[in-house]
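# An overview of the molecular structure
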Amino acid sequence: MANEFPLTLAGLSAGLQKREFSSAELTSHYLDKIAARDGQLNSFISVFPEHASTMALAADQARAAGRAGPLMGIPYANKDIFCTEGFRTTCASKMLDTFVAPYNATVVEKLHAAGMVMLGKTNMDEFAMGSSNETSYYGPTRNPWNLGYVPGGSSGGSAAAVAARLTPVATGTDTGGSIRLPSAFCGISGIKPTYGRVSRYGMIAFASSLDQGGPMALNAEDLGLMLNVMSGFDHRDSTSAERTDEDFCAALNFDLTGLKIGLPTEFFDESLNSTIGSCLTEALDCLRRQGAECREISLPSTRYAIPAYYIISSAECSSNLSRFDGVRFGHRCDAPRDLMDLYVRSRAEGFGAEVKRRILVGTYALSTGYYDAYYAKAQKLRRLIKNDFQRAFEEVDVIAGPTAPSTAFPLGQRVEDPIQMYLSDVYTTAVNLAGLPALSVPAGSVQGLPVGLQLIGNYFREARLLNIAHRFQHETDWHLRVPPFAA
Amino acid sequence: MLDEAEVQVIARLARIGINDDESPTLTLQLSRILALVAEMNKVDTERVEPLAHPLELVARRRPDVVTETDQRATMQQTAPATHDGYYLVPRVIE
């Protein structure tokens, strides 16, 4: 048995294929690491050692019988927002503390069909509402680069677990930045695909016109390998994109000569943190040396992305979360006096403070007399934001900018101030409103904390984004740096 | 600015109980969120059509065949209270 396993999916896949180690050995290696280290990090809500071992043995048998795809037998973790049949699925909420999903999300079904081995379910902000992982009912996840700092959210458990090498790869979801922000804060790579690319079936809904699942990994190539399995048309998702399957790794090594990168003046103005700005300048120079050219563009309406996003996402959340009524599943209060008392108390007890705030904002925005002023207004801004991007993509191939306005911040710093927390997503929410694909890759470090470079592409141009990220990672080593916690 | 009475009305619509302790802070927080959101009014959207869905998809048609099987027993395994296949709630009619 090997003492050291490769870290990337590509390396693990090759090792398994050459029989250098088995899936059973690999899986027990990760399970041991989780058992030994995650007490400090709190990146997992549930770990399934027995189930993982069984799946690993099955993968080894399938490989021995000659039935093996590239990801067969490789361990991974699911954000606890994806339904896993027969396993607890909490969405990091007291509301679903004891909920055992009766079916698998399409993403989970696909990853298991490919032979991947689920280690467990990762921590997150409650119902994916948060930017720091601090709204979790199970306590915050810590950032492996500095345990006193947040990992970002909402897919913070997935990001921290990948960064800490407790899993080679994990799933995440991104409604307003929830894959990209924690990827940036934890120094890993993450992609939010085009809206409709990855099925939403069995992914617990937050804001259905914005939610999109995607992979989180150590590099762009691994994102491509995961996306190859996770994406695809699904008739069970009413907004699934009807596209033919595509190999997201096919273009990884394409030359960048002539690539036109747009730099939005709104992202690079005086409000940009100067140390993050310097990291981005270096990253863009690296792409220029490979033949890319940068030009200034303008996305004027994206200044209003945060308000439009908070109205649209809260409105959709208030509607989606009305299903948690204490009747069919989820938390139910003790001894309800009547039906109204059952609803009101079950929801008051089951939801945390941030989820309640969003439901209330959404309910208000959709209520009689306020609909046009808030919801309709936000939808109009949404069109202006989409138009800005479409105009930009007539001139450039991709758009580059920061993923986040700062590096990871200390635990507790923004918990009491929802507005400060919301502003963490200032560079990410516009992408969700427009439904575009975007990724974050590590591109620097400030005082020991990682900085993310965000690349935004036109609809269904994930392969191009991964190509650029891969070429960037060929010339840089930010993605290879190991946080102190994992060293 | 919202006042506490308005927040109680919204909470009632949302079927979320708010106790007296949390009401002042919540009212302040919601007011601040609405102030942030009011930024939207700086933009003239007079002739802009609302966008509900990023890719503006239309609902797909599918063949009229049965795709759902009876899964009542499975689905009710996660329910807080059931009886003979029904969900139990407190008495509704006095």
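Report follows, based on the coordinates.

Criteria and thresholds
Residues numbered from 1 in each chain as written. Chains lettered and ligands numbered in written order. Predicted model: local features only at pLDDT ≥ 70, side-chain atom pairs only at ≥ 80, totals over all residues. Heavy atoms only, no water. Helix = DSSP H or I, 4+ residues; strand = E, 2+ residues; numbered from the N terminus. Rg over C-alpha atoms; globule rule 2.2 N^0.38 Å. Buried < 20%, exposed > 50% of the residue type's maximum accessible area, 1.4 Å probe, protein only. Areas by Shrake-Rupley, 256 points an atom, 1.4 Å probe, with all protein chains shown as cover. Lys, Arg positive; Asp, Glu negative; His and termini not counted. Charge placed at Lys NZ, Arg CZ, Asp CG, Glu CD. Contact = heavy atoms within 4.5 Å. Phe/Tyr/Trp six-rings, centres within 6.5 Å; stacked < 30°, edge-to-face > 60°. Lys NZ or Arg CZ within 6 Å of the ring centre and 35° of its normal. Pairing = 2+ DSSP bridges. Axes fitted to C-alpha atoms, helices over the stretch in contact; angles between N-to-C directions. Parallel < 35°, antiparallel > 145°, perpendicular 65-115°, else oblique. Nonpolar A, V, L, I, M, F, W, Y, C, P; charged D, E, K, R; others polar. Disulfide = S-S within 2.5 Å. Buried area = accessible area lost by both parts, 1.4 Å probe. Salt bridge = Lys/Arg side-chain N within 4 Å of Asp/Glu carboxyl O. Polar contact = N/O pair within 3.5 Å; in protein donor to acceptor, adjacent residues only side chain to side chain. Arc of directions from axis to C-beta. Core = buried A, V, L, I, M, F, W, Y, C linked by side-chain atoms within 4.5 Å. Patch = residues over 30% accessible without salt bridge, like charges linked within 9 Å, V, L, I, M, F, W, Y side chains within 5 Å.

## What about the overall build of chain B?
A count of helical and extended segments in chain B gives three helices and two strands. Ordered by position from N to C terminus, the α and β elements of chain B give α-α-α-β-β. On C-alpha atoms alone, chain B measures out to a radius of gyration of 22 Å, which is more than a quarter above the 12 Å that the 2.2 N^0.38 rule sets for 94 residues. Across the 94 residues in chain B, those meeting the buried criterion constitute 32%. For chain B, the exposed area adds up to about 7,000 Å²; of that, 51% sits on carbon and sulfur atoms. Here chain B holds 10 positive side-chain charges and 16 negative ones, and the gap between their average locations is 7 Å.

## What about the overall build of chain A?
For chain A, the helix and strand inventory stands at 15 helices and eleven strands. Dimensions along the principal axes, computed over C-alpha positions, put chain A at roughly 65 × 55 × 45 Å. Within the span of chain A, comprising 487 residues, buried residues form 66% of the whole. Of the contacts made within chain A by residues no fewer than 6 positions apart, 76% connect residues no fewer than 24 positions apart. Looking at chain A as shown, the accessible area adds up to about 15,700 Å², and 49% of this sits on carbon and sulfur atoms.

## Some remarks on the packing of aromatic side chains
Residue and element names in this part refer to chain A. For the structure shown, the criterion picks out 17 aromatic pairs over all chains. Between F324 and F329 the ring centres are 5.6 Å apart and the planes differ by 90°, which places this aromatic pair in the edge-to-face class. Here the aromatic cluster, defined as three or more aromatic residues joined through ring pairs, consists of F99, F127, F324, F329 and F351. One Lys or Arg, R243, reaches over the ring of F460 and ends 3.9 Å from the middle of that ring. Positioned above the aromatic ring of F409 is the side chain of R414, whose terminal nitrogen or guanidinium carbon lies 4.0 Å from the ring centre.

## Notes on the pairing of strand β4 (residues 170-173) of chain A
All names here are of chain A. Judged by which residues are buried, β4 turns out to be covered on both faces: A170 and G172 on one side and T171 and T173 on the other are all buried. The pairing of β4 with strand β6 (residues 213-217) spans four bridges and is classified as antiparallel. Within β6, the residue paired with A170 across the bridge is M216.

## Description of the packing of helix α9 (residues 305-320) of chain A against helix α11 (residues 353-366) of chain A
All names here are of chain A. Contact geometry for α9 and α11: axes closest at 7 Å, N-to-C directions at 100°. One way to sum up the angle between α9 and α11 is to call them roughly perpendicular. Touching Y310, I311, S314, A315, C317 and S318 of α9 are R358, I359, V361, G362, T363, A365 and L366, all from α11. Classifying every residue of the contact of α9 with α11 by side-chain character gives eight nonpolar, four polar and one charged.

## What about the state of the cysteines?
Summed over all chains, the structure comprises zero disulfides over all chains. C286 of chain A supplies the cysteine sulfur nearest to C279 of chain A, a cysteine that is in no disulfide, at a spacing of 13 Å.

## Here we look at the side chain of S31 of chain B
With respect to the helices and strands, S31 of chain B occurs in helix α2 (residues 23-37). S31 of chain B gets classed as buried once you look at its relative accessible area, which sits at 6%.

## Regarding the interface of chain A and chain B
Listed per partner, the contact involves 67 residues of chain A and 47 residues of chain B. Around 5,200 Å² of area is buried between chain A and chain B when both sides are counted, 70% of it from carbon and sulfur atoms. In this structure, the connection of chain A to chain B is made through one salt bridge. Here R32 of chain B ties to D417 of chain A by a salt bridge, and the two come within 3.7 Å at their closest N and O atoms. Linking chain A with chain B are 15 residue pairs in polar contact (both at pLDDT 80 or more). Element by element, the count of residues in the side of chain A that touches chain B is highest for helix α12 (residues 371-392) of chain A, at twelve residues. Looking at side-chain class alone, the side of chain A that touches chain B contains 38 nonpolar, twelve polar and 17 charged residues.

## A look at the environment of T476 of chain A
Assignment of secondary structure puts T476 of chain A in the segment after α15 (462-475). Within polar-contact distance, the side chain of T476 of chain A engages the backbone oxygen of F472 of chain A at 2.8 Å.

## Notes on helix α1 (residues 9-17) of chain A
Residue and element names in this part refer to chain A. The set of residues buried in α1 consists of L9, L12, S13, G15 and L16. Viewed along the axis of α1, the buried residues span an arc of 165°, placing them on a single side of the element. Against α2 (23-41), α3 (49-64) and α7 (220-230) lie the buried residues of α1. Phi turns positive one or two residues past the end of α1, at R19, with a value near 60°.

## Re the nonpolar core
Inside soluble globular proteins, nonpolar side chains tend to come together where they are buried. Residue and element names in this part refer to chain A. Within the largest apolar cluster, 177 residues are counted, with the highest numbers of intra-cluster contacts made by F127 and F389. Residue contributions to this core peak at nine residues, all from α9. Discounting residues that sit within four places of it in the chain, F389 has contacts with L299, T302, I399, A430, V431, A434, L436 and I456.

## Focus: a negative patch on the surface
On the surface, D3, E4, D20 and D21 of chain B cluster together into a patch of negative charge. Residue position: E4 of chain B is located in helix α1 (residues 4-13).

## Regarding a nonpolar patch on the surface
Residues V89, V92 and I93 of chain B make up a contiguous nonpolar surface patch of roughly 300 Å² in combined accessible area. Relative to the assigned elements, I93 of chain B resides in the segment after β2 (86-87).

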